[in-house]
There are 2 protein chains.
Amino acid sequence: MKEATLRDVAEVAGVSPRTVSNVVNGYARVADATRLKVEAAIAQLGYRPNVLARHLATGRSGQIVVVVPYLDTPYFAELLQAIIPVAREAGYNVLIDQSDGDREHEGRLIGNRSHRSLFDGIIYSPLGLSQEDLSGRDPALPLVVIGERTSEAQFDHVGIDDVAASTEAVRHLIGLGRRRIAAIGDQPYPTGEAAQRRTAGFRAAHAEAGLPVDESLVIGTPRFNRVDGAHAMETLLELENPPDAVFCYSDLVASGAIHTVLSRGLRVPEDIAVIGYDDIEDGRYNRPTISTISPDKEAIARLAVGRLVMRINSDEPVPGVDLRAGHRLVARQSTVGSD
Amino acid sequence: MKEATLRDVAEVAGVSPRTVSNVVNGYARVADATRLKVEAAIAQLGYRPNVLARHLATGRSGQIVVVVPYLDTPYFAELLQAIIPVAREAGYNVLIDQSDGDREHEGRLIGNRSHRSLFDGIIYSPLGLSQEDLSGRDPALPLVVIGERTSEAQFDHVGIDDVAASTEAVRHLIGLGRRRIAAIGDQPYPTGEAAQRRTAGFRAAHAEAGLPVDESLVIGTPRFNRVDGAHAMETLLELENPPDAVFCYSDLVASGAIHTVLSRGLRVPEDIAVIGYDDIEDGRYNRPTISTISPDKEAIARLAVGRLVMRINSDEPVPGVDLRAGHRLVARQSTVGSD
DNA sequence: TTGAAAGCGCTAACAA
DNA sequence: TTGTTAGCGCTTTCAA
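Please read these numbers as outputs of a predicted model, since none were measured by experiment.

### A short note on the protein's contact with DNA strand C
Residues in contact with DNA strand C amount to 25 residues; listed here are only the nearest, Thr19, Arg29 and Thr34 of chain A together with Leu6 and Tyr47 of chain B. For DNA strand C, the fraction of atoms within 4 Å of the protein that belong to sugar or phosphate moieties is 72%. Between DNA strand C and Thr19 of chain A there is a distance of 2.5 Å, counted from a phosphate oxygen to a side-chain nitrogen or oxygen. Within the contact set of DNA strand C, a base nitrogen lies 2.9 Å away from a side-chain nitrogen or oxygen of Arg18 of chain B. At the level of secondary structure, the elements contributing two or more residues to the surface near DNA strand C comprise helix 2 (17–25) and helix 4 (51–58) of chain A together with helix 2 (17–25) and helix 4 (51–58) of chain B. Considering every element that reaches the surface near DNA strand C, the biggest residue donor is helix 4 of chain B, with four residues. Considering only residue class, the surface near DNA strand C consists of 11 nonpolar, nine polar and five charged.

Here it is in structure tokens:
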């Protein structure tokens, strides 16, 4: 049996398609009597609007794509989990795209115009972003960037205050009496902007406590993965004077670092306290559980989707803004111990 | 500037829209001279087909949805990572839907007809499936189920041979000289069909080795999470005669179980060997690294997408089949130790 | 408030 | 091999 169309409904209700459309969309006001007739017909036929046709007519696809570097990285998976329901509520389907951390790919999607009919906007959570990455893009395509920030002001950024959050993390370690604090995850190059903000917070906390920063304790890593954390920690443990605490730029890094510490027969947090970043679920089950900076992922999702929808619905060009979501420090065993 | 349409191209090339359509889709054969003209026009105008319009005209949306219980469960994330590129290659966009392990939700999506215009088929990876879950669904909507199997033969299943895989896992433990082997993850109720197949393999391995099964060592869990594993392990350790090896129905369960063992001051694998299931990336970084059954996720993805596409393109009803992907046992530290 | 009708951009049956 | 043309199902301008 074929699906009922709007025209069928109109016929049964004895009105014009136009009126049915009005009822379905609640656009214009419709006389109560007419509305009732139409609604009855809709129910009778089991009519459901054809979304595709609607999109063709309106020129909107009702889809947004969310680009993340990796799907199986807990932080991104959790971010997606927060975004999807919010988008759905706003009437958008979410297309998930994985960039594989691949610059080429990321650029390709944002730059080219083949999308047009496929999606109305992009929420983009890059691994690292350089100026050119975004400046070459199609300015007509609504875009909201999560996490990274650049000086360019033509699009929106959503994120937490990384500098403040990082400062709190390190302040927490200092408050615990630690004095030789290391940082794992610095990326002192153009695309490592997010990492650099954490490093800035790290320095700020030292400064406010009147503590010097031992530069040999600031370790760079190509990514924010477990292996990176494990390796960096090995480097730190080989120092003449190893640290008594470590600020890791992700929970994954922290997990790797802890792994190394424990396998050397040292204790966490007694010998070395470790704090991470992201508050991924894994951290709550790690042994020891991982202290962390917990970004408000729901707020990030709400802000990003809200802003994107606004952009999609606005005709004039919208100036880019910086939207801040909240965060909080969660102290767990890896810094304060078990009891 | 407006986007160029197929009609524009036709005009510039001096041919009919029909011909342009043929060139773009490679349907009918087109004279070389005409093709060249058309291609030139396409290039000149920067024409890109409007996917939406095409879908409206063909009655296909070009999208498939993949339903997984949780996005942040590593196994499902990795599965999705395998499916997406395969689907894309086949010309389909993947819509990811999260069921939250919620029965209601799963049923709703499969059952109702509101999709029609939204997607052409579903790949469904349920947490557990009961007979009714699928029998009430719209038979016209192409569906491939990953993992679960039921006796119903109206749709396709893709999965590895769980019984054989589980047998291998337990055989591995027996081969290591273990004699009191526990199983964590049984679900002896209708929706626990996948779990039951693992239990069957567990028993089969015992049978073939002439070993009795101590029923008190078969522990049920509501889910396959870390917590479930951790709790079950506690139960096992409280037994008068605890096991010397454990077969866990997921790597997450294994991770939780190992957590418990270690926190009791026991060693893995010396005191208790642990093997998991799924081969999630996490297992390679766990301390100790986790031995596991590694399903061929790429094969699963290929089989599922291939079958779904076939179903979408076929007019007559297609009989359901059972498609088997490969698997292999990966021995890591949690069973064979560090060196 | 509602009707008539012209598209949205593409496909495909029918003809030539 | 290519052109003509009628939709796909919905929205929306213009009239009434």
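That covers the picture; the talk isn't over yet.
### Side note on the protein's contact with DNA strand D
Around DNA strand D, the surrounding shell holds 25 residues, and the nearest of these are Leu6 and Tyr47 of chain A together with Thr19, Arg29 and Thr34 of chain B. When atoms of DNA strand D within 4 Å of the protein are split into backbone and base, the sugar-phosphate part holds 67%. The contact in question runs from a base oxygen of DNA strand D to an N or O atom on the backbone of Ala57 of chain B, over 3.5 Å. Among the elements that take part in the surface near DNA strand D, helix 4 of chain A stands out by supplying four residues, more than any other. A breakdown of the residues in the surface near DNA strand D according to their chemical character gives 11 nonpolar, nine polar and five charged.

### Considering the packing of aromatic side chains
All names here are of chain A. A complete count under the given rule lists eight aromatic pairs over all chains for this structure. Taken together, a centroid distance of 6.2 Å and an interplanar angle of 90° make the contact between Phe224 and Tyr249 edge-to-face. Here Tyr249 lies in the loop between strand 8 (245–248) and helix 11 (251–263) and Phe224 lies in the loop between strand 7 (218–220) and helix 10 (226–237), a separation of 25 residues in the sequence. Accessibility expressed as a relative area gives 0% for Tyr249, which makes it buried. Cluster of aromatic residues (ring-pair linked, three or more members): Phe224, Phe247, Tyr249 and Tyr277. Arg198 extends its terminal NZ or CZ atom over the ring of Tyr277, reaching a point 3.9 Å from the ring centre.

### What about the interface of chain B and chain A?
The partner chain A presents 43 residues to the 43 residues of chain B that form the contact. When the two sides are added together, the surface that chain B and chain A hide from each other amounts to roughly 3,900 Å², 55% of it contributed by carbon and sulfur. We note a salt bridge from Asp282 of chain A to Arg226 of chain B, for which the minimum N-O separation is 3.3 Å. Summed over the shared surface of chain B and chain A, the number is six residue pairs in polar contact (both at pLDDT 80 or more). Within the residue set of the side of chain B that touches chain A, elements represented by two or more residues are helix 4, helix 5 (74–89), strand 2 (93–98), helix 10 (226–237) and helix 11 (251–263) of chain B. Classifying every residue of the side of chain B that touches chain A gives 17 nonpolar, 13 polar and 13 charged.

### Focus on the nonpolar core
Core analysis: the biggest nonpolar cluster contains 102 residues, and Ile123 and Phe247 of chain A together with Ile123 and Phe247 of chain B have the highest contact counts within it. The contacts of Phe247 of chain B, once residues within four sequence positions are left out, are Ser166, Ala169, Val170, Leu173, Ala182, Ala183, Ile184, Arg198, Phe202, Ile275, Gly276 and Tyr277 of chain B. By size, the runner-up hydrophobic cluster in this structure holds 20 residues, among which are Val67 and Leu95 of chain A together with Phe119 and Ile122 of chain B.

### Some details on the packing of helix 2 of chain B against helix 3 (residues 32–45) of chain B
Residues and elements named next belong to chain B. At a closest axis distance of 10 Å, the pairing of helix 2 and helix 3 adopts a crossing angle of 85°. By the criterion of interaxial angle, the relationship of helix 2 to helix 3 is roughly perpendicular. Contacts between helix 2 and helix 3 involve Thr19, Val20, Val23 and Val24 on the former and, on the latter, Thr34, Arg35, Val38, Glu39 and Ile42. When its residues are assigned to classes, the contact of helix 2 with helix 3 shows five nonpolar, two polar and two charged.

### Points about the relation of the copies chain B and chain A
In screw terms, the move from chain B to chain A is a rotation of 180° and a rise of 0.0 Å along the axis, fitting with an RMSD of 0.1 Å. Here the symmetry operator amounts to a two-fold rotation axis. Taking C-alpha positions as the reference, the residue of chain B nearest the rotation axis is Leu95 of chain B, at 2.8 Å. Counting the interface residues of chain B, we find that 100% of their copies in chain A are interface residues as well, pointing to one common contact surface.

### With respect to the packing of helix 1 (residues 6–13) of chain A against helix 2 of chain A
The angle between the axes and the distance between the axes are what describe a pair of packed helices. Residues and elements named next belong to chain A. Helix 2 packs onto helix 1 with a crossing angle of 105° between their chain directions and a minimal axis gap of 8 Å. Considering the angle they form, helix 1 stands roughly perpendicular to helix 2. Of helix 2, the residues touching helix 1 (which contributes Leu6, Val9 and Ala10) are Pro17, Val20 and Ser21. Of the residues in the contact of helix 1 with helix 2, the class split is five nonpolar, one polar and no charged.

### A look at the sheet that holds strand 9 (residues 273–275) of chain A
Residue and element names in this part refer to chain A. If you walk across this open sheet you meet the four strands as 7-6-8-9, and the pairing is parallel. Whereas interior strands pair on both sides, the edge strands pair on one side only; in this sheet they are strand 7 and strand 9. Mean inter-strand twist for the sheet, computed between neighbouring axes without regard to direction, equals 20°. Alignment of strand 8 against strand 9, held across three bridges, turns out to be parallel. Along strand 9, the bridge assignment pairs Val246 with Val274. Together, strand 6 (181–186), strand 8 and strand 9 form the strand contacts of helix 8 (residues 162–175), whose direction differs from that of strand 8 by roughly 165°.

### Re helix 2 of chain A
All names here are of chain A. Turning to helix 2, its buried residues are Thr19, Val20, Asn22 and Val23. All buried residues of helix 2 fall inside an arc of 160° around its axis, so they share one side. Gly26 sits one or two residues past helix 2 and shows a positive phi near 65°.

Thresholds applied
Residues numbered from 1 in each chain as written. Chains lettered and ligands numbered in written order. Predicted model: local features only at pLDDT ≥ 70, side-chain atom pairs only at ≥ 80, totals over all residues. Heavy atoms only, no water. Near = heavy atom within 4 Å. Polar contact = N/O pair within 3.5 Å; in protein donor to acceptor, adjacent residues only side chain to side chain. Helix = DSSP H or I, 4+ residues; strand = E, 2+ residues; numbered from the N terminus. Nonpolar A, V, L, I, M, F, W, Y, C, P; charged D, E, K, R; others polar. Phe/Tyr/Trp six-rings, centres within 6.5 Å; stacked < 30°, edge-to-face > 60°. Buried < 20%, exposed > 50% of the residue type's maximum accessible area, 1.4 Å probe, protein only. Lys NZ or Arg CZ within 6 Å of the ring centre and 35° of its normal. Contact = heavy atoms within 4.5 Å. Buried area = accessible area lost by both parts, 1.4 Å probe. Salt bridge = Lys/Arg side-chain N within 4 Å of Asp/Glu carboxyl O. Core = buried A, V, L, I, M, F, W, Y, C linked by side-chain atoms within 4.5 Å. Axes fitted to C-alpha atoms, helices over the stretch in contact; angles between N-to-C directions. Parallel < 35°, antiparallel > 145°, perpendicular 65-115°, else oblique. Least-squares fit on C-alpha atoms with pLDDT ≥ 70 in both. Pairing = 2+ DSSP bridges. Arc of directions from axis to C-beta.

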